[in-house]
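Chain by chain, the residues run as shown.
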Amino acid sequence: MLSKKVPFVTFRTRVRDESIEGPNPFRWEDKTSDDYFKGKKVVLFSLPGAFTPTCSTYQLPDFEKLFEEFKAEGVDEIYCISVNDAFVMNAWAKAQGVENVKVIPDGSGEFTRKMGMLVAKDNLGFGMRSWRYGAVINDGIVEQWFEEEGFSDNCESDPYGVSSPQNILEKLRAAKVQAA
Ligand code: BEZ
């Protein structure tokens, strides 16, 4: 996975547009992998589903809180991706009150599949979703990779630790010390 270029896909996002009247002032806006990754150093973390407990209680809020510390390590953006559509991802970000972390809707699972991280979660009634992983990605190239152990379909457990913000931050700092 290291040094791999992220796949080029188009994400169907929904953005607020004040020129639209009525109760739902949002429109579709296509964003590509280049829009998210080109010319930036980012942390991407991927999880099995919006609104799920570990992701809502620990992972997303902890990334949100640690944003300034990631920035101090040269990270421009933190992205949270999930195989959920734009309506769900936006509703989750709103419910969580996130301002720093940006959500990416991979509703079709195309990005996740091309990253080799698509797994069945039919045992939970979820269908195809993402295995948990995180990555430090520089100008579209994966520099550091944080995949939870036990990659498998219909996994009965939900390992979480390697892709936590605390671990990724620690490894980013260690890489900086090593490079100095
Ligand atoms: C969780 O984040 O706790 C979770 C994720 C997927 C399925 C069930 C729970």
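Described below are features of the structure shown in this document. Here the structure is a predicted model, which is why all the values come from computation and not from measurement. (Residues numbered from 1 in each chain as written. Predicted model: local features only at pLDDT ≥ 70, side-chain atom pairs only at ≥ 80, totals over all residues. Heavy atoms only, no water.)

In this section: the environment of K5. Note on placement: K5 falls in the segment before strand 1 (10-16). Taking relative accessible area as the criterion, K5 reaches 51% and is therefore assigned exposed. For the pair K5 and G49, spaced 44 residues apart in sequence, the C-alpha separation works out to 24 Å. Each residue touching K5, except ones within four places of it in the same chain, is listed here: G140 and I141. (Helix = DSSP H or I, 4+ residues; strand = E, 2+ residues; numbered from the N terminus. Buried < 20%, exposed > 50% of the residue type's maximum accessible area, 1.4 Å probe, protein only. Contact = heavy atoms within 4.5 Å.)

Bringing the sheet that holds strand 3 (residues 41-47) into the picture now. A sheet is described by the order of its strands in space; here five strands give the open sequence 5-4-3-8-9, paired in mixed fashion. With partners counted over all chains shown, the strands left at the sheet margins are strand 5 (101-105) and strand 9 (141-147), one partner each. Going across the sheet, the axis of each strand differs from the next one's by a mean of 25°, ignoring polarity. Of the pairings in the sheet, the one linking strand 4 (residues 77-82) to strand 5 comprises five bridges and is parallel in character. Pairing of I81 across the sheet is with I104, part of strand 5. (Pairing = 2+ DSSP bridges. Axes fitted to C-alpha atoms, helices over the stretch in contact; angles between N-to-C directions.)

The next point concerns unusual backbone geometry. Leaving glycine aside, a negative phi is the common case for residues, and trans is the common case for peptide bonds. Positive phi values are uncommon outside glycine, yet F51 reaches one of about 70°. With respect to the secondary-structure elements, F51 resides in the loop between strand 3 and helix 2 (53-65). Under the relative-accessibility criterion, F51 is labelled partly exposed at 46%.

Quick look at the pattern of salt bridges now. For the structure shown, the criterion picks out 13 salt bridges. Residue R27 is joined to E29 by a salt bridge in which the shortest nitrogen-to-oxygen separation is 2.9 Å. A relative accessible area of 32% places R27 in the partly exposed class. Taking the shortest distance from any N to any O, the salt bridge between R173 and E69 comes out at 2.7 Å. In this pair, R173 is assigned in helix 6 (residues 165-179) and E69 in helix 3 (residues 67-72), connecting sequence segments 104 residues apart. Residue R173 is classed as partly exposed on the basis of its relative accessible area of 35%. You can call E69 partly exposed: its relative accessible area is 34%. Residues joined by salt bridges that share partners form a network here, namely D17, R27, E29 and K31. (Salt bridge = Lys/Arg side-chain N within 4 Å of Asp/Glu carboxyl O.)

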